[in-house]
Amino acid sequence: MNSGLKEKELLEIWVKAQIASETLREDLMSMEDLRNESILFLREFIKASSKGNLTDIGTADYKPVVTLLRKISGNRAQAGFTPSETATFVFSLKDSILGFLQAEYKSSPEILSTETIRISKLLDKLGLVTFEEYARTRDELVKDQQDSILEMSSPIILIWEKIIAVPIIGILDSKRTQLIMENCLQKIIQTGAKVCIIDVTGVAVLDTLVSTHIIKTANAIRLLGAEAVLTGIRPEVAQTVVHLGVDLSSLIPRATMADGLEYAFRKIGFQVNKR
Amino acid sequence: MQKIPILKIGKNLIVSLQFDVDDKTALQLQSDLLQTISKTGATGVIIELSALDMVDSFMGRIISDISKMSASMNANTVVAGIQPSVAITLVELGLKLEQVHTVLNIEDGIELLTKLDRQIENDDSENQ
């Protein structure tokens, strides 16, 4: 398998096999890219395997092969290939090489069988690398998406010059309150806001931990030189808060967002009149 | 030990902390500041922290002490330009600086001190 001619021949067989495969995704990848990836991988693979080591892919010889395979698998995972579509890349090479070996060692079936087993084992290992990288990239993708959903779920809104609003909807956990606190303080610095209205109309439960976080946020807001207004405390929430013995006195309480806004306008010296 | 300059503008004193202050420097600043208040008869002090990313508990205590001490010498203290990271640290340390006025920047600080001054004058004239 070390002559250039055979490399070309093998490449043709392999690319053909990939194109013929039912897992081909022409919509996600052009023929040219597929071919280029195949050429690159095959070259590295032959370079590594020609050194005689056909068992251990952890050695330095296989490092470029594994790195390249990880890159290819990662890219495919990101592009939206399914696991089997991604793995076909390596496994179709196995079929192609086995076909090649069969032709080569037609006369000596013993060598053929040992070589077949060796090559199968080696490519199976590379197949595992593909799966690992695929799963890892997918996990990362999911984590990134979770982060961006978290980011989007707690927007900080500039509703007037020097007034920002933080509507909190859904369940508040420590991670989210932490994020809200940091974003809120950052926004105050950015906009020079004087009043920050924290609206908890959409919060079903305010437990001790969450209230502690809100109080901490309010204290930090005050340290920056702004005021924290808490609006939208529902009757049930008010009851639990008092039963839990939480002291919300560091926040200025207002019934609704409208009341909070009115307070904020007065605070920054605005007067709202009907024309 | 580095000395922190105290600037006088009108009836206000401005102190800008530009580097992490060690305990000795902080104590020196405290006594320098009180000396200057008594010498100049200043009615307001602005401590500006916008260049600091970290404040330790000792510095937090010094700031609240300065505020109380200068209040007894008839000067209001305003802390300006606390960064988010500093605010979070102070809150986590349990230092709320409740007696201290806080503002976003020096400009707001001067505005607030002027307002507080006027309030005191009004109170005084009402009492007469």
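Definitions and cut-offs
Here the residue numbers are simple positions, counted from 1 along each chain's written sequence. Think of it this way: whatever chain is written first is A, whatever ligand is written first is 1, and the rest follow in order. Local features in a predicted model are, by the rule used here, given only for residues with pLDDT of at least 70; side-chain atom pairs are given and counted only at 80 or more, and totals for whole chains, interfaces and linings are based on all residues. Secondary structure is summarised from DSSP: a helix means a run of H or I of at least four residues, a strand means a run of E of at least two, and numbering begins at the N terminus for each. Exposure classes come from backbone-placed C-beta atoms, where a residue is buried if 20 or more other C-beta atoms lie within 10 Å of its own, exposed if 12 or fewer do, and partly exposed in between. C-beta atoms are placed from the backbone for every residue, and two residues are taken to be in contact when these atoms lie within 7 Å. Each direction from the helix axis to a C-beta atom contributes to the arc, which is the arc of those directions. Classification convention: Asp, Glu, Lys, Arg as charged; Ala, Val, Leu, Ile, Met, Phe, Trp, Tyr, Cys, Pro as nonpolar; all other residues, Gly among them, as polar. We define a nonpolar core as a collection of buried residues of the types Ala, Val, Leu, Ile, Met, Phe, Trp, Tyr and Cys that are connected via C-beta atoms lying within 7 Å of each other. Pairing between two strands is assigned when DSSP locates at least 2 bridges connecting them. Note on geometry: axes are C-alpha line fits, over the in-contact stretch for helices, and angles between N-to-C directions span 0 to 180 degrees. Our angle categories are set so that under 35 degrees counts as roughly parallel, over 145 as roughly antiparallel, 65 to 115 as roughly perpendicular, and the remainder as oblique. The crossing is said to be left-handed when, going from far helix to near helix, the turn is anticlockwise and less than a right angle, and right-handed when the turn is clockwise. Take the residue count of a helix, subtract one, and multiply by 1.5 Å to get its expected span.

Asks: Can you walk me through the overall build of chain A in this structure?
Replies: Within chain A, the regular secondary structure consists of nine helices and five strands. Going through the 275 residues of chain A one by one, you find that 29% of them count as buried. The contacts of chain A with a sequence gap of at least 6 include a subset with a gap of at least 24, amounting to 75%.

Asks: How do you make sense of the overall build of chain B when you look at a structure like this?
Replies: Looking only at helices and strands, chain B features four helices and five strands. For chain B, the sequential pattern of α-helices and β-strands runs β-β-α-β-α-β-α-β-α. Buried positions account for 38% of the 128 residues belonging to chain B. A separation of at least 24 residues holds for 78% of the contacts in chain B among residues at least 6 apart in sequence.

Asks: What's the story with helix H9 (residues 257-267) of chain A in this structure? I'm lost.
Replies: Because each turn of an α-helix spans 3.6 residues, side chains separated by three or four positions in sequence point in the same direction. Residue and element names in this part refer to chain A. By the burial criterion, the buried members of H9 are Gly-260, Leu-261 and Ala-264. Looking straight down H9, one finds its buried side chains confined to an arc of 100°; they lie on one side. Away from its buried face, by an angle of more than 90 degrees, H9 presents the exposed residues Ala-258 and Arg-266. Among the structural elements, strand S2 (163-169), strand S3 (195-202), strand S4 (227-231) and strand S5 (252-254) are those in contact with the buried residues of H9.

Asks: What exactly am I supposed to notice about the interface of chain A and chain B here?
Replies: Counting residues at the interface gives 13 residues for chain A and 12 residues for chain B. Secondary structure elements with two or more residues in the side of chain A that touches chain B: helix H6 (174-191) and helix H7 (208-224) of chain A. Considering each element in turn, the side of chain A that touches chain B owes the most residues, six residues, to H7 of chain A. Classifying every residue of the side of chain A that touches chain B by side-chain character gives six nonpolar, four polar and three charged.

Asks: Is there a simple way to think about the nonpolar core in this case?
Replies: The nonpolar side chains of a soluble globular protein tend to be buried with one another. Residue and element names in this part refer to chain A. Among the nonpolar cores identified, the biggest contains 67 residues, and Cys-196, Ile-197, Ile-198, Ile-221 and Leu-224 are the most heavily contacted of them. Per-element tally for this core: the top contributor is H7, with eight residues. If we skip the residues at most four places from it in the chain, Ile-197 touches Ile-163, Ala-165, Val-166, Val-229, Thr-231, Met-257, Gly-260, Leu-261 and Ala-264. Formed by 18 residues, the second largest nonpolar core is a distinct cluster that contains Leu-10, Phe-41, Leu-123 and Leu-126.

Asks: Would you explain the sheet that holds strand S5 (residues 101-103) of chain B in this entry?
Replies: In sheet architecture, strand pairing relies on hydrogen bonds along the backbone and comes in two forms, parallel and antiparallel. All names here are of chain B. Across the sheet, five strands lie side by side as S1-S2-S3-S4-S5; this open sheet has mixed pairing. Each edge of the open sheet carries a strand with a single partner, namely strand S1 (6-9) and S5. Between one strand axis and the next, the sheet turns by 25° as a mean value, whatever way the strands run. Where S1 lies against strand S2 (residues 12-16), four bridges are found, and the strand directions are antiparallel. Within the sheet, the bridge partner assigned to Leu-7 lies in S2 and is Ile-14. Strands strand S3 (44-48) and strand S4 (76-80) of the sheet are contacted by helix H2 (residues 57-72), whose axis makes an angle of about 155° with S4. Relative to S4, helix H4 (residues 106-127) is tilted by about 160°, and along the sheet it contacts S2, S3, S4 and S5.

Asks: Any chance you could explain the environment of Ile-156 of chain A here in plain terms?
Replies: Residue and element names in this part refer to chain A. Within the secondary structure, Ile-156 sits in the loop between helix H5 (109-153) and strand S1 (157-160). The exposure class assigned to Ile-156 is partly exposed, which follows from the 19 C-beta atoms found within 10 Å. Taking C-alpha positions, Ile-156 is 9.4 Å from Cys-196, a pair spaced 40 residues apart along the chain. Setting aside residues up to four positions removed in sequence, Ile-156 forms contacts with Ile-164, Val-166, Asn-183, Cys-184 and Lys-187.

Asks: Before we go on, may I ask you to explain the packing of helix H2 (residues 31-49) of chain A against helix H3 (residues 63-79) of chain A in this structure?
Replies: When two helices pack together, their arrangement is given by the angle between the helix axes and the distance between those axes. Residues and elements named next belong to chain A. Running from amino to carboxyl end, H2 crosses H3 at an angle of 155°, the nearest separation of the two axes being 9 Å. When the axes of H2 and H3 are compared, the pair comes out roughly antiparallel. Note that H2 runs across H3; the crossing there is left-handed. Along its contact with H2, which presents Glu-37, Leu-40, Phe-41, Glu-44, Phe-45 and Ala-48, the element H3 presents Pro-64, Val-65, Leu-68, Leu-69 and Ile-72. Broken down by class, the residue content of the contact of H2 with H3 amounts to nine nonpolar, no polar and two charged.

Asks: Explain H4 of chain B to me, please; I cannot follow it from the model alone.
Replies: All names here are of chain B. Taking 1.5 Å per residue as the helical rise, H4 with its 22 residues ought to reach 32 Å, and the 31 Å between its terminal C-alpha atoms agrees with that figure. Those residues of H4 that sit buried are Asp-108, Gly-109 and Leu-113. Looking straight down H4, one finds that the buried residues subtend no more than 135° of arc, so they occupy a single side. In H4, the exposed residues that point more than 90 degrees away from the buried face are Glu-107, Lys-115, Arg-118, Glu-121, Asn-122, Ser-125 and Glu-126. Against S2, S3, S4 and S5 lie the buried residues of H4.

Asks: How should unusual backbone geometry be read in this particular structure?
Replies: Across residues other than glycine, the phi torsion is negative in most instances, and most of the peptide bonds are trans. Of note, the phi angle at Lys-162 of chain A is positive, near 70°, even though the residue is not glycine. Within the element layout of this structure, Lys-162 of chain A appears in the loop between S1 and S2. In this model, Asn-74 of chain B sits at a positive phi of 65°, which is unusual for a non-glycine residue. The residue Asn-74 of chain B is located in the loop between H2 and S4 in this model. Its 11 C-beta neighbours within 10 Å are what place Asn-74 of chain B among the exposed residues.

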